[in-house]
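Breakdown of the fold
Letter by letter, the chains look like this.
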Amino acid sequence: MSVINIREAEREGARLVVGLGGVSGSGKTFTALQLAWGLANGDAKKVGLLDTENRRGSLYANSLVDKNGVVHKFLIGDLYAPFSPQRYKDAILEFQNHGVEVLVIDSVSHEWEGIGGCEDIANAGDPKTPRWNKAKAEHKAFMNALLASDMHIIVCMRAREKVKLVKVNGKTEFESQGVLPIQEKNFVFELTASLMMWNEGKEQQVMKCPAELRDILGRQEGYITARDGLALRKWVDGGAKVDPAIQAAQNTLRTVTEQGMAALEEAWKKQPKAMRDTLGADFLDELKRSAANFDQQRELAATGDGKTVDDLNDSVLGADAQPAT
């Protein structure tokens, strides 16, 4: 049973996850909606906004206006506390099942430090012994849903100045780390592209951007508009074509693997036989490998035997992964 399918590289079926960070008033939400509108090929009904900001997203209801002055309405859903990774995951899947092609999440910062978010999960119970293993495991599951989604996703991130304590001439002082997004420290590097927004959106600081997208998201000056979203759409469509039904089935099944082998087998049986035949045995083997890994990870977490990720990988890969003696 192979872990991966090695093949010639092609840009096919790309799904983008773009991050926009910034302080209040930096233009994150408006820019994200404009970018999403273009990425949805101008179809506002394919644009969704997951609003965690106490219905502030509704203030942008009339923000998508075409050259004739016609307002195009997008879809919106409000997420209230608790802002657990699981509730974010469920909301993402609801938008996906609703037929949304481009989802804006405003914001993902609540998932990390909002009420019921990862920091609360870690510090529940005895604050002297925070459960960061549990919190990070839930965060990773959220990231998996984000990256494996069948939609393009644009995430907005709150930002603020961060400081750390340093020793200077024997004295403890605060040292500024600059203005940084409020999320897990590696979050922005997991995404396709990540920008910090400034000057109401007119300027951007690139944190991560592939060379192919530099002309679209890496200019650093000038507003990002729906035209840029359309350029992203054309870049994505320029890759090898993938049957959308097949891609949707693949993404759905990959998401299910996180729930373990039993859930995967049930989801696989629900796929039409023609789709199962099209996806093939190699793809199913890949899914089973992931599902088995997730099952064993939960088992280790439940027993609390202190095994490391390396121990887990060795146990899943089996004896074939060990060096010959």
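Read on for a plain summary of the structure.

The rules behind these values
- Residues numbered from 1 in each chain as written.
- Predicted model: local features only at pLDDT ≥ 70, side-chain atom pairs only at ≥ 80, totals over all residues.
- Heavy atoms only, no water.
- Helix = DSSP H or I, 4+ residues; strand = E, 2+ residues; numbered from the N terminus.
- Buried < 20%, exposed > 50% of the residue type's maximum accessible area, 1.4 Å probe, protein only.
- Lys, Arg positive; Asp, Glu negative; His and termini not counted.
- Salt bridge = Lys/Arg side-chain N within 4 Å of Asp/Glu carboxyl O.
- Polar contact = N/O pair within 3.5 Å; in protein donor to acceptor, adjacent residues only side chain to side chain.
- Core = buried A, V, L, I, M, F, W, Y, C linked by side-chain atoms within 4.5 Å.
- Contact = heavy atoms within 4.5 Å.
- Expected span 1.5 Å × (residues − 1).
- Phe/Tyr/Trp six-rings, centres within 6.5 Å; stacked < 30°, edge-to-face > 60°.

Checked against the element boundaries, K28 lands in helix α1 (residues 28-39). Buried and unpaired, K28 has no salt bridge, with D106 as the nearest side chain of opposite charge at 6.0 Å. In terms of polar contacts, K28 uses its side chain to reach the backbone carbonyl oxygen of V23, at 3.2 Å.

Glancing now at the nonpolar core. Counting residues in hydrophobic clusters, the biggest one holds 32 residues, and the most contacted among them are V18, L20, L35, V104, I154, L217 and L232. The set of elements that each furnish at least two residues to this core consists of β1 (17-22), α1, β2 (47-51), β4 (102-106), β5 (152-168), β7 (193-198), α7 (214-217) and α8 (226-237). A per-element tally of this core places α1 first, with 6 residues. When neighbours within four sequence positions are excluded, L217 is seen to be in contact with V18, L35, A193, L195, V206, C209, I224 and L232. Core analysis: the second largest hydrophobic core is formed by 22 residues, L50, L146, M157 and V188 among them.

The end-to-end C-alpha separation of helix α2 (residues 85-97) is 18 Å, in line with the 18 Å expected for 13 residues at 1.5 Å each. Once α2 ends, the next one or two residues include G99, with phi positive near 95°.

All right, on to the environment of W268 then. When you line up the elements, W268 lands in helix α10 (residues 261-270). W268 gets classed as buried once you look at its relative accessible area, which sits at 13%. The spatial distance from the C-alpha of W268 to the C-alpha of A249 is 9.4 Å, given a sequence separation of 19 residues. For W268, the contacting residues outside a window of four places in its chain are L253, R276, L279, G280, F283 and L284.

Here we come to the pattern of salt bridges. Counted under the stated rule, the structure contains 12 salt bridges. Among the salt bridges present, the one from D228 reaches R219, with a minimum N-O distance of 2.8 Å. According to the relative accessible area criterion, D228 is buried, its value standing at 10%. Salt-bridge contacts for D237 lead to R233; the nearest nitrogen and oxygen are separated by 3.1 Å. With D237 and R233 both in helix α8, this residue pair falls 4 residues apart, about one helical turn. When salt bridges that share partners are traced, they join E53, R56 and R158 into one network.

Moving on, we get to the side chain of E184. Here E184 shows up in the loop between β6 (171-181) and α6 (187-190). Of the side chains with opposite charge, K185 comes closest to the buried, unpaired E184, at an N-O distance of 5.9 Å. For E184, the contacting residues outside a window of four places in its chain are W112 and H139.

Note the cis peptide between A81 and P82, where omega equals 5°. Tracing the backbone shows P82 in the loop between β3 (75-78) and α2. Of note, the amide linkage connecting D106 to S107 takes the cis form, showing an omega dihedral of 5°. Summarising the element assignment, S107 is placed in the loop between β4 and α3 (109-113). The phi angle at N41 is positive, at roughly 60°, despite the residue not being glycine. For N41, the location among the structural elements is in the loop between α1 and β2. A positive phi angle, near 75°, is found at Q220, a position not held by glycine.

With that settled, consider the packing of aromatic side chains. Evaluated as defined, the whole model comprises 2 aromatic pairs. Consider the rings of Y88 and F142, whose centres lie 5.5 Å apart with planes at 70°: the pair is edge-to-face. Note that Y88 is positioned in helix α2 and F142 in helix α5 (residues 132-147), a separation of 54 residues in sequence. Across the pair, exposure class does not vary: Y88 and F142 are buried alike.

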